[in-house]
Every structure is written in structure tokens, then in C-alpha cells.
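What follows is each chain in one-letter form.
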Amino acid sequence: MRNINYFLDDAQNSRQGQFGLDYADVITCYDTYSTTLVTEDGRTLIIHWGVAGFFKDYEVVQETPLMKGHPGMAEEIVAMLRHMNVDGETMEYIIRSVGMEEQMLRQLVMNSPYTDTTDLLEEKVRLSDEYLRSLSKNN
């Protein structure tokens, strides 16, 4: 099945023009710096490209049942967060305050390209090892 990870893995290894040719059958919008497509499971993926046409980042657009039950509220919250230029620490505080840290971690890991998650895990292990070495040197 061509899901989000399928397209992200390919986007990270190609340029915008080639990606557009390869997936013209599922692309719904093709702009200068973004490509929007719908996956086989009905999720909308927007891939953002840098100036040279290389992968920059992405976003997944999906209206959940909760969003359908409260039309416009999620968009208002996002607009407020953007207005205040929310930073990572504040966003983490919000996520923890509503008890969603484990759910968010799982969703972000499962919806991210494999290479991103392995890179982060390697970084965490390296930093943890460095910290443990620094503790043993001080004792």
C-alpha cells in the first residue's frame, strides 16, 4: 500500500520534478514549493520542497471525527498557536497538560520516515553515553 511513509521515503531521495512525474496519478496540487497528494488510505500529504527542488519537510492533513464534531475549533487553536509563534517547549507543555505525550510520541514515530526515527534514536544513545561517561569521570 502506498501510504505516507512510502511517499516520504521516495520524496527524500528525489527532486520535486521527478517526484511529480512519478506520482502524477495521485497528486492533487503541484505548486512551486509544494506537492499535495492523497494516499491510498485517504490521507492528504503536503510535501514542501526547498529552492533547489530537494525535500524540505511535510505535513499531513486529516480531519478527525473530533474535528468533524467541533467544526473550526482545531483551526482556531492552530491559528492561536501560530499567532503566538509557539515554541517547542510551550508545545510540549500543552501536550503534557492534556495527557497526550505518549500518544503523540507514537503517532510521530509511526508517521515519520524510518531514517528520521533511527537518526533520533542514535542521537539519544550518543548523548546518553556521553552523559554517563562525564559522570564516571567526575567520580
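The structure we're discussing is the one just above.
Residues numbered from 1 in each chain as written. Predicted model: local features only at pLDDT ≥ 70, side-chain atom pairs only at ≥ 80, totals over all residues. Heavy atoms only, no water.

Chemist: Before we move on, can you summarise the pattern of salt bridges with the specific residues and values?
Modeler: In the structure shown here, the tally under the stated rule is five salt bridges. R2 serves as the salt-bridge partner of D25, at 2.9 Å between the closest nitrogen and oxygen. With D25 in the loop between helix 2 (16-22) and strand 1 (27-30) and R2 in the segment before helix 1 (4-11), the pair connects residues that are 23 residues apart, well separated along the chain. Relative accessible area serves as the criterion here: at 57%, D25 is assigned to the exposed category. (Salt bridge = Lys/Arg side-chain N within 4 Å of Asp/Glu carboxyl O. Helix = DSSP H or I, 4+ residues; strand = E, 2+ residues; numbered from the N terminus. Buried < 20%, exposed > 50% of the residue type's maximum accessible area, 1.4 Å probe, protein only.)

Chemist: Describe the nonpolar core, naming the residues involved and giving the relevant values.
Modeler: I4, F7, L8, A11, F19, Y23, V26, I27, L37, L45, I47 and W49 form the largest nonpolar core, which has twelve residues in total. Those elements that provide at least two residues to this core are helix 1 and strand 3 (44-49). When residues no more than four places from it in sequence are discounted, the contact partners of F7 are R2, F19, Y23, V26, L37, T39 and L45. (Core = buried A, V, L, I, M, F, W, Y, C linked by side-chain atoms within 4.5 Å. Contact = heavy atoms within 4.5 Å.)

Chemist: Please set out the sheet that holds strand 3 residue by residue, giving values where relevant.
Modeler: With antiparallel pairing, the four strands of this open sheet are ordered in space as 1-2-3-4. One side of each edge strand has no neighbouring strand; the edge strands of this open sheet are strand 1 and strand 4 (55-61). Averaged over all pairs of adjacent strands, the angle between their axes in this sheet comes to 20°, without regard to strand direction. Inspection of the sheet shows strand 1 paired to strand 2 (residues 34-38) by three bridges, in the antiparallel sense. Residue pairing for strand 2: Y30 is matched across the bridge by T35. (Pairing = 2+ DSSP bridges. Axes fitted to C-alpha atoms, helices over the stretch in contact; angles between N-to-C directions.)

Chemist: Give me the packing of aromatic side chains: which residues, what numbers.
Modeler: What the rule picks out here adds up to five aromatic pairs. Here Y6 and F7 contribute two aromatic rings whose centre-to-centre distance is 5.4 Å and whose plane-to-plane angle is 90°, an arrangement assigned as edge-to-face. Taking relative accessible area as the criterion, Y6 reaches 38% and is therefore assigned partly exposed. Taking the relative accessible area as the measure of exposure, F7 reaches 0% and is therefore buried. Where Y6 meets Y23, the ring centres are 6.2 Å apart and the plane angle is 80°; that geometry is what we call edge-to-face. With Y6 in helix 1 and Y23 in the loop between helix 2 and strand 1, this residue pair connects regions lying 17 residues apart in the sequence. Linked through ring pairs, Y6, F7, F19, Y23 and W49 together constitute an aromatic cluster. Seen from the ring of F54, R15 lies directly overhead, with NZ or CZ sitting 4.5 Å from the centre. (Phe/Tyr/Trp six-rings, centres within 6.5 Å; stacked < 30°, edge-to-face > 60°. Lys NZ or Arg CZ within 6 Å of the ring centre and 35° of its normal.)

Chemist: Go over the layout of surface pockets with me, naming the residues and quoting the values.
Modeler: Put simply, the largest pocket is a space of about 2400 Å³. Every residue lining the largest pocket is counted, 40 residues in all, and those nearest its centre are M91, I95, M104, Q107 and L108. Taken together, the elements giving at least two residues each to the lining of the largest pocket come down to strand 4, helix 3 (65-69), helix 4 (73-83), helix 5 (88-97), helix 6 (101-110) and helix 7 (114-138). Ranked by residue count, the leading element in the lining of the largest pocket is helix 6, at eight residues. Looking at the lining of the largest pocket, its residues break down into 21 nonpolar, eight polar and eleven charged. (1 Å grid on protein atoms, 1.4 Å probe; cavity = no way out; pocket = protein on both sides within 12 Å on 5 of 7 lines; lining within 4 Å. Points joined across faces, edges and corners; volume = space filled by probe spheres on them. Nonpolar A, V, L, I, M, F, W, Y, C, P; charged D, E, K, R; others polar.)

Chemist: Help me get a handle on the pairing of strand 3, residues and values and all.
Modeler: Along a regular strand, successive side chains alternate from one face of the sheet to the other. Alignment of strand 2 against strand 3, held across five bridges, turns out to be antiparallel. Paired with T35 across the bridge in strand 3 is I47. The hairpin turn running from strand 2 into strand 3, its antiparallel successor, is five residues long, and G42 in that turn takes a positive phi close to 85°. Note: strand 3 against strand 4, six bridges, orientation antiparallel. From the neighbouring strand, I46 faces strand 4, where its bridge partner is E59. Counting the residues that bridge the hairpin from strand 3 to strand 4 gives five residues, and of these G53 lies at a positive phi of roughly 90°.

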